[in-house]
Amino acid sequence: GQNIDQPTEMTATEGAIVQINCTYQTSGFNGLFWYQQHAGEAPTFLSYNVLDGLEEKGRFSSFLSRSKGYSYLLLKELQMKDSASYLCAVRVGTGGFKTIFGAGTRLFVKA
Amino acid sequence: KAGVTQTPRYLIKTRGQQVTLSCSPISGHRSVSWYQQTPGQGLQFLFEYFSETQRNKGNFPGRFSGRQFSNSRSEMNVSTLELGDSALYLCASRPAGTGGIGEKLFFGSGTQLSVL
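Residues numbered from 1 in each chain as written. Chains lettered and ligands numbered in written order. Predicted model: local features only at pLDDT ≥ 70, side-chain atom pairs only at ≥ 80, totals over all residues. Heavy atoms only, no water.

With that out of the way, let us pick up the interface of chain A and chain B. As a measure of interface size, the accessible area lost when the parts come together is often cited. Listed by partner, the interface residues are 18 residues for chain A and 22 residues for chain B. Both sides together, the interface formed by chain A and chain B hides about 1600 Å², and carbon and sulfur atoms give 54% of it. It is A:Arg91, A:Lys98 and A:Phe101 in chain A that bury the most area against chain B; as a group they hold 27% of the surface buried on that side. Seen at the junction of chain A and chain B, the total is four residue pairs in polar contact (both at pLDDT 80 or more). Counting only elements with at least two residues in the side of chain A that touches chain B, the list comes to strand S4 (32–37), strand S5 (44–49), strand S9 (84–92) and strand S10 (98–101) of chain A. Taken together, the residues of the side of chain A that touches chain B sort by class into ten nonpolar, six polar and two charged. (Contact = heavy atoms within 4.5 Å. Buried area = accessible area lost by both parts, 1.4 Å probe. Polar contact = N/O pair within 3.5 Å; in protein donor to acceptor, adjacent residues only side chain to side chain. Helix = DSSP H or I, 4+ residues; strand = E, 2+ residues; numbered from the N terminus. Nonpolar A, V, L, I, M, F, W, Y, C, P; charged D, E, K, R; others polar.)

Below is the structure:
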């Protein structure tokens, strides 16, 4: 089956760094995505990894290890507005693709 | 460019009724996916349509169905509603055919369905 695991909740302090981990067991891997979802809003795209390594985009970075089925999202210089759910998603399939999501990690940023 | 539009925003139904949700993708996007989001389960994949054809389907009962029109707009139908169908239903579109980062999804704000 297809399975994506990530922590349910995390708390961090404003200005700090936080790492949100994601492990997956899927077949036909075709890329890993991170989305951010604020309460009551639609998810929005943050990052994409298809090859092993680190992708950096401003305060956000995402890492992928395909052999380990592991990814993390790194948020630096945390701001209060970063309080949101972070969704790990994997594009799977051959021929008929679909994107499956983990349950999401709720991040609380405190002053 | 307008984003993904879902209607209605909120819907209240009773058990046994049926409901139809609508999604208009971003102009030029040919693929539309539907997801069910609940607090404990996260986003659960329902189905994906491309050029009016269902390309993939999640593990939901046959009461959940959908279709896509020639203008890429999509509808999702749930028949014989159950209390457990209460959820946020999200629609997402993507250009399709581009591969890689082009597979990222653009989500609508969702339809919040409450079944009483």
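On to the nonpolar core. A:Trp34, A:Leu75, A:Tyr86 and A:Leu107 are the most contacted members of the largest nonpolar core, which has 22 residues in total. Looking at this core, the elements with two or more residues in it are strand S3 (18–25), S4, strand S7 (60–65), strand S8 (70–75), S9 and strand S11 (105–110) of chain A. In terms of nonpolar packing, the next biggest core, distinct from the first, is built from 21 residues, B:Leu46, B:Met76, B:Val78 and B:Val115 among them. (Core = buried A, V, L, I, M, F, W, Y, C linked by side-chain atoms within 4.5 Å. Buried < 20%, exposed > 50% of the residue type's maximum accessible area, 1.4 Å probe, protein only.)

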